[in-house]
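Single-letter residue listing:
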Amino acid sequence: MTTTKKLLVARAIFPDIVEALRLSAGVAEVADNPTDEVWSRDALLGRLDGCDGLFCTGSERIDAALLDACPALKAVSTMSVGTNHIDVDACSARGVLVANTPDVLTDTTADLAFALLLACARRVGEGERYLREGRWTKWHYDQLMGADVHGATLGILGMGRIGQAVARRGALGFGMRVIYHNRSRLPAEQEAPLGARWVEKAALLAEADHLVLVLPYSAATHHAIGAAELAQMKPGATLVNIARGGIVDDAALARSLAEGRIGAAGIDVFEGEPHVTPALLAAPNAVLTPHIGSASMKTRRAMAQLAADNLLAALGLGDGRHLPAIVNPQAARR
Ligand code: 8YV
């Protein structure tokens, strides 16, 4: 096969995976970013000029203006399951295929939901700071009392693959009663093994002891949990966001935590991250992590490999090891 395609890998990823891309049949050139320099928009555009394929992450914004400036681009492969940083409609309209990395991160991300849920409900962060700061001088009967997770009601907003993996952990591992709200209801045969029951959003907010957010970000889900929704939650309930910044109104959440209306929060994703609303940083009853939902060694490698395979497959290259996870197959017909 003649070597024809030019690729750009926008962020530093596993060097051996970049090297394998470079050696793939049909690839003429791979430009990458081994130092993980933060490229300005213009720097990204300059490097993308003339490229057929882009390997990106959730940090790069792929919009109509970028696509118009890079008419050679045929495929955008993101190392993320979320695609809210990509204007998929604009890609489809220009015949640009978009691929993402579903499935490989489902269980790892659901594990982090439980890590945050347990940590905030049982006040692990507060306890650790208390101990490290030398404030632990004796035992008290009411020291750092938190909320039980086992046997409680687990509410899940968004019931895709990750939501179902969270439900499975709650029902089977912690004996929780699982309720969920999603645009579409799961078929009964999928609900039954999870012991999950579909409820209206208002009932979800009112009944959940612990509410986990697992819905994709879009204009429709912006501030799906704002001041009004926080006020509808059970007093003392916990909230976990492993989905996307912007789904929660972070300022409203900080107020609710400060007022003691919400008992605790476990938050992995933030509005405008890596900036974090200062009032959240000041909230002792919040456990905050820097967007590490998928960050296990095994999963991050699997994501990078899948994104590389997707990119090659979307350009008609590669060894067909993976059926590419194409978000907009309709673009191929253009
Ligand atoms: C990524 C994620 O780490 O897959 C997603 O949608 O949010 C995370 O797993 C992040 O988007 C970097 O690409």
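Scroll up to find the structure.
The structure presented is a predicted model; accordingly, all values stated were derived computationally and were not measured.

1. A few points about the nonpolar core
- Counting 54 residues, the largest nonpolar core has Leu154, Ile156, Val166, Val212 and Ile242 as its most contacted members.
- Three or more residues apiece are contributed to this core by two domains, here domain 1 (5–104 + 297–333) and domain 2 (106–288).
- Not counting residues up to four positions away in its chain, the partners in contact with Ile242 are Thr109, Leu112, Ala113, Leu116, Ile162, Val212, Leu213, Val214, Asp268 and Val269.
- By size, the runner-up hydrophobic cluster in this structure holds 30 residues, among which are Leu157, Ala224, Val248 and Ala254.

2. Side note on the layout of surface pockets
- Here the second largest pocket is characterised by a volume of approximately 250 Å³.
- If you trace the second largest pocket, you find it lined by Ala10, Arg11, Glu37, Val38, Trp39, Ser40, Arg41, Leu44, Ser59, Glu60 and Arg61.
- Residues that form the lining of the second largest pocket fall into these classes: 4 nonpolar, 2 polar and 5 charged.

3. What to know about the sheet that holds strand β4 (residues 75–78)
- Pairing within the open sheet is parallel, and its 5 strands lie in the order β2-β1-β3-β4-β5. Whereas interior strands pair on both sides, the edge strands pair on one side only; in this sheet they are β2 (27–31) and β5 (97–99). Neighbouring strand axes in the sheet, compared pairwise and without regard to direction, differ in orientation by 15° on average.
- Where β4 meets β5, 3 bridges bridge the pair, whose relative direction is parallel.

4. Points about empty space enclosed by the protein
- One pass over the full model with this rule turns up 1 cavity of 30 Å³ or more.
- Taken as a whole, the largest cavity spans an internal volume of roughly 30 Å³.
- If you trace the largest cavity, you find it lined by Ala119, Cys120, Arg123, Val124, Gly125, Glu126, Pro284, Asn285, Ala286 and Val287.
- Of all the secondary-structure elements, those providing two or more residues to the lining of the largest cavity are α5 (106–121), α6 (124–132) and β12 (286–288).
- Among the elements that make up the lining of the largest cavity, the one with the highest residue count is α6 (3 residues).

5. Considerations on the packing of aromatic side chains
- The final tally for this structure, using the stated rule, is 1 aromatic pair.
- When the centroid spacing of 5.0 Å and the interplanar angle of 20° are considered together, the rings of Phe114 and Phe174 count as stacked. Placement of Phe114 in helix α5 and of Phe174 in helix α7 (residues 161–174) is noted, with a sequence separation of 60 residues between them.
- Cation over ring: Arg301 sits above Phe14, and NZ or CZ is 5.0 Å from the ring centre.

6. Some details on the site of the ligand
- Near the ligand, the surroundings consist of Thr57, Gly58, Met79, Ser80, Val81, Gly82, Leu105, Arg244, His291, Ser294, Arg300 and Met303.
- Taking Gly58, its main chain carries an N or O atom lying 3.0 Å from an oxygen atom of the ligand.
- Between the ligand and the protein, one listed contact pairs an oxygen atom with a backbone N or O atom of Met79 at 2.9 Å.
- Burial of the ligand by the protein amounts to 86% of the accessible area it has alone, namely 330 Å².
- Looking at the shell around the ligand, its residues break down into 4 nonpolar, 6 polar and 2 charged.

7. Some points on the pattern of salt bridges
- Under the defined criterion, the tally for this structure stands at 17 salt bridges.
- Among the salt bridges present, the one from Arg161 reaches Asp103, with a minimum N-O distance of 3.5 Å. Here Arg161, found in helix α7, pairs with Asp103, found in the loop between β5 and α5; they are 58 residues apart in sequence, far enough to count as distant.
- You can call Arg161 partly exposed: its relative accessible area is 47%.
- Glu126 is paired through a salt bridge with Arg123; the nearest N and O atoms lie 3.0 Å apart.
- Judged by relative accessible area, which is 17%, Glu126 ranks as buried.

Parameters and conventions
- Residues numbered from 1 in each chain as written.
- Predicted model: local features only at pLDDT ≥ 70, side-chain atom pairs only at ≥ 80, totals over all residues.
- Heavy atoms only, no water.
- Core = buried A, V, L, I, M, F, W, Y, C linked by side-chain atoms within 4.5 Å.
- Buried < 20%, exposed > 50% of the residue type's maximum accessible area, 1.4 Å probe, protein only.
- Domains from an automatic or database assignment.
- Contact = heavy atoms within 4.5 Å.
- 1 Å grid on protein atoms, 1.4 Å probe; cavity = no way out; pocket = protein on both sides within 12 Å on 5 of 7 lines; lining within 4 Å.
- Points joined across faces, edges and corners; volume = space filled by probe spheres on them.
- Nonpolar A, V, L, I, M, F, W, Y, C, P; charged D, E, K, R; others polar.
- Pairing = 2+ DSSP bridges.
- Helix = DSSP H or I, 4+ residues; strand = E, 2+ residues; numbered from the N terminus.
- Axes fitted to C-alpha atoms, helices over the stretch in contact; angles between N-to-C directions.
- Phe/Tyr/Trp six-rings, centres within 6.5 Å; stacked < 30°, edge-to-face > 60°.
- Lys NZ or Arg CZ within 6 Å of the ring centre and 35° of its normal.
- Near = heavy atom within 4 Å.
- Polar contact = N/O pair within 3.5 Å; in protein donor to acceptor, adjacent residues only side chain to side chain.
- Areas by Shrake-Rupley, 256 points an atom, 1.4 Å probe, with all protein chains shown as cover.
- Salt bridge = Lys/Arg side-chain N within 4 Å of Asp/Glu carboxyl O.

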